[in-house]
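A look at the structure
Listed below, chain by chain, are the residues.
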Amino acid sequence: MRVVVVGGGIVGLASAYYLADRGVDVTVLEKGSLGSGSTGRANGGIRAQFTSAVSVALSRESVRVWERFGETFGVDIGYRRPGYLFLLRRAGTARRFREHVALQNDHGVPSEFLAPEAAVEHCPGLRPESYAGATYCPTDGFADPHLALQGFSRAATRAGAEVRTGVEVTDVRVVDGGVRGVETTDGSHDADFVVNAAGPWAASVGAMAGLDLPVSPRRRQLLVAEPERPVPGDVPLTVDVDDGVHFRPERAGRAVVGGRFGGADPEQDPDRYRRSNDVDWAVETLEHASGVADYFGPETELVGGWAGLYAVTPDHHPVIEETLPGLVNAVGFSGHGFMQSPATGRVVAELVLDGEARTVDVSPLAADRFSRGEALSEGSVVD
């Protein structure tokens, strides 16, 4: 069996590895360099605190891989597990998140609802008077997306996959309603299956096969700050849900800070968007961070930063399915692709080889859920 994977990000390389590991002849086609889409500009968060059962399942199955990644793939990805801390200003938000914790606990996630004073134990700089409650999960954390990509890429190559960069897919070949290969800037590739793992380019690849995939590239920004006082390394990735700002510890007491605070959120051209920070956004973001914790204040220094793209669907859940005979889509992760890539790679291999997903039931993630009025809901989106 021959499979072409379109996209050399973390989802594409994880899919290639799990396919090749099961004996499939796999070719990965990436028009730029590996990880040059969303993966290389990701924050690296890994969490199971979600509000839909399918998202919880994808993350839990992925965490099983992240926990043993160094042992399995021979690459230390800097996986740290200080947890995620969701801060809740409004009483209504606190009530909803208390319900989220119950769902997560039912699915084996050890999250808990906290009073603001208890949240200070996890984030000592927190301003607890601003909050009505918090949720925390000690098994959440973050890792280095670049190193994880390297691990999957090396493993896929060792398993027999061919990984080709600088090769752009220009068309998807459809014959009698089924996909039979792709055309590229370097010739034709026949395939029994094509996997669309093109991240922010996913809708364009889908259109080549006559599909209208509801995936839109949206720009998100992160900055690196030198706080007024160091952020301890055991502070969780902390999210102010109602305000929109979030931060996590970085090396040497620094912090990676992000957020979105309303306003326009236009669709982006993934080949031409601005990859550096907006200065006004950075100033506003640090102001918001200062309202969360006393690590940040007027003397906080901006050290660096970047912008990347989320591949967003209307309900912030991916599309994972065989949409046409011979075409598997694994797209639209809305900022969760890195964290959920191990489980997604396994599911892609199962869809191709077994005809159904076994690791996680991804039937709720069909592309036609929107036209059927069955869009999902996610109450803990981190922008």
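On a predicted model such as this, the values are computed, not experimentally measured, just so you know.

Comments concerning the sheet that holds strand S2 (residues 25-30)
Taken together, the six strands give an open sheet; going across it, the order is S8-S2-S1-S12-S19-S18, and neighbouring strands pair in mixed fashion. A strand with exactly one partner marks an edge of an open sheet, and here the two such strands are strand S8 (162-165) and strand S18 (319-324). The mean angle between the axes of side-by-side strands here comes to 20°, regardless of whether they run parallel or antiparallel. In this structure, S2 lies alongside S8, joined through four bridges in parallel fashion. What sits directly across from Val28, in S8, is Val163. Running at roughly 170° to S2, helix H1 (residues 10-21) makes contact with strand S1 (2-6), S2, S8, strand S12 (193-196) and strand S19 (327-331) of the sheet.

Some details on the side chain of Ser52
Following the sequence through the fold, Ser52 ends up in the loop between strand S3 (45-46) and helix H2 (53-67). At 2.7 Å, the side chain of Ser52 and the side chain of His317 are in polar contact. Setting aside residues no more than four positions away along its own chain, Ser52 makes contact with His317, Ser377 and Glu378.

Some points on the packing of aromatic side chains
Within this structure, the stated rule accounts for 15 aromatic pairs. On the numbers, 5.0 Å between centres and 65° between planes, the contact of Phe73 with Phe152 is edge-to-face. Highlighted residues: Phe73 in helix H3 (residues 69-73) and Phe152 in helix H6 (residues 145-158), separated in sequence by 79 residues. Just as Phe73 is buried, Phe152 falls in that class too. Judged by centre distance (6.4 Å) and plane angle (75°), the ring pair of Phe247 and Tyr295 falls under edge-to-face.

Some details on the packing of H2 against helix H9 (residues 337-353)
Two numbers describe how H2 lies on H9: the axes approach to 7 Å, and their chain directions differ by 90°. Between H2 and H9, the interaxial angle falls into the category roughly perpendicular. Touching Ser55, Leu58, Ser59, Glu61, Ser62, Val65 and Trp66 of H2 are Phe338, Met339, Gln340, Ser341, Pro342, Ala343, Thr344 and Arg346, all from H9. Of the residues assigned to the contact of H2 with H9, the class counts are seven nonpolar, six polar and two charged.

Thoughts on the pairing of strand S11 (residues 187-190)
Walk down a regular strand and you will see the side chains alternate between the two sheet faces. As paired elements, strand S10 (residues 178-184) and S11 share four bridges and run antiparallel to each other. Each bridged residue has a counterpart across the sheet, and for Val182 the counterpart in S11 is His189. The antiparallel hairpin formed by S10 and S11 contains two residues in its connecting segment.

Quick look at the pattern of salt bridges
Under the defined criterion, the tally for this structure stands at 23 salt bridges. Here Asp278 ties to Arg274 by a salt bridge, and the two come within 3.0 Å at their closest N and O atoms. Take Asp278: its relative accessible area is 26%, and that puts it in the partly exposed class. Using a relative accessible area of 45% as the deciding quantity, one classes Arg274 as partly exposed. Through salt bridges with shared partners, a single ionic network connects Glu162, Arg164 and Asp186.

What counts and how
Residues numbered from 1 in each chain as written. Predicted model: local features only at pLDDT ≥ 70, side-chain atom pairs only at ≥ 80, totals over all residues. Heavy atoms only, no water. Pairing = 2+ DSSP bridges. Helix = DSSP H or I, 4+ residues; strand = E, 2+ residues; numbered from the N terminus. Axes fitted to C-alpha atoms, helices over the stretch in contact; angles between N-to-C directions. Contact = heavy atoms within 4.5 Å. Polar contact = N/O pair within 3.5 Å; in protein donor to acceptor, adjacent residues only side chain to side chain. Phe/Tyr/Trp six-rings, centres within 6.5 Å; stacked < 30°, edge-to-face > 60°. Buried < 20%, exposed > 50% of the residue type's maximum accessible area, 1.4 Å probe, protein only. Parallel < 35°, antiparallel > 145°, perpendicular 65-115°, else oblique. Nonpolar A, V, L, I, M, F, W, Y, C, P; charged D, E, K, R; others polar. Salt bridge = Lys/Arg side-chain N within 4 Å of Asp/Glu carboxyl O.

Limitation: the analysis is restricted to geometry and does not speak to function.
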